[in-house]
Amino acid sequence: KASIHGPSKYAAQHPDFPFILVTPQCPTDEVWSNDILLALLDEVVAKYKVDQKRIYLTGLSMGGFGAWNLGLTHPEKFAALVPICGGGERIEVLLAAHGFAGPVKLENLRKLPVWAFHGAKDPVVPLVESERMINALKEVKCDEVKFTVYPEAHHDAWTETYNNPELYKWFLAHDRK
């Protein structure tokens, strides 16, 4: 399934793909676990020659929700975040901005470049899910926030996104300071 959608499909068609690509699949009838994803990341970093200042996080649909969640709670691990047709816990971002203790590390989050994508006609995950997250990041004054809405796209906002070479150039233009 991973090679049908997402960056693995693009990587398979571009032999010069300049990334180590890890595409975990969420088990059926489960939701993303940050602990499991962080353990996988640690395993990959230990096993391969990974530039830890250039670890990028992306996900689509339910993976978009997972990317938001992991990126908001562990922004210090990533150089950039690209959630696609997902959403997240906007309230946790806003509470962090008002000094409430919680999972969001606002100081690091403000430095995390984010480029979100969504289809305007998405019947599965409403566009408002991404809009609310982007607005929350802007409200707490994150350094770099981009949002692309495909006016005619339905739920599949990922094919156009992952087929765009500009996305990969954007990733490579960012590293974790």
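Quick note: structure is the one above.
Residues numbered from 1 in each chain as written. Predicted model: local features only at pLDDT ≥ 70, side-chain atom pairs only at ≥ 80, totals over all residues. Heavy atoms only, no water.

Student: Explain the sheet that holds strand E4 (residues 145-150) residue by residue, including any values.
Tutor: Pairing within the open sheet is parallel, and its 4 strands lie in the order E1-E2-E3-E4. The open sheet is flanked by strand E1 (56-60) and E4, the only strands paired with a single partner. Ignoring strand direction, the axes of neighbouring strands in this sheet form an average angle of 10°. Where strand E3 (residues 114-119) and E4 come together, 6 bridges link them in parallel fashion. Paired with histidine 118 across the strands is valine 149, a residue of E4. The strands that helix H6 (residues 127-139) touches are E3 and E4; relative to E4, the one it contacts most, it runs at about 160°. The sheet contacts of helix H8 (residues 165-172) involve E1, strand E2 (80-84), E3 and E4, and relative to E2 the element is tilted by about 150°. (Pairing = 2+ DSSP bridges. Helix = DSSP H or I, 4+ residues; strand = E, 2+ residues; numbered from the N terminus. Axes fitted to C-alpha atoms, helices over the stretch in contact; angles between N-to-C directions. Contact = heavy atoms within 4.5 Å.)

Student: How would you explain the state of the cysteines if you had to name every residue and give the values?
Tutor: Evaluated as defined, the whole model comprises 0 disulfides. The closest cysteine sulfur to the non-disulfide-bonded cysteine 85 is located on cysteine 26, 15 Å from its own sulfur. (Disulfide = S-S within 2.5 Å.)

Student: How would you explain unusual backbone geometry if you had to name every residue and give the values?
Tutor: Despite not being glycine, aspartate 29 has its phi angle at roughly 65°, a positive value. Residue placement: aspartate 29 occurs in the loop between helix H1 (7-13) and helix H2 (34-47). Although it is not a glycine, cysteine 85 sits at a positive phi angle of roughly 45°. With respect to the secondary-structure elements, cysteine 85 resides in the loop between E2 and helix H4 (90-97). Given the relative accessible area of 0%, cysteine 85 is considered buried. (Buried < 20%, exposed > 50% of the residue type's maximum accessible area, 1.4 Å probe, protein only.)

Student: I'd like a rundown of helix H3 (residues 62-73), residues and numbers included.
Tutor: Along its 12 residues, H3 runs 17 Å from first to last C-alpha, staying within 8% of the 16 Å computed at 1.5 Å per residue. Of all the 12 residues making up H3, 9 are buried; the element is thus mostly covered by neighbouring parts of the structure. Among all positions in H3, only Gly63, Gly64, Gly66, Ala67, Trp68, Leu70, Gly71, Leu72 and Thr73 are buried. (Expected span 1.5 Å × (residues − 1).)

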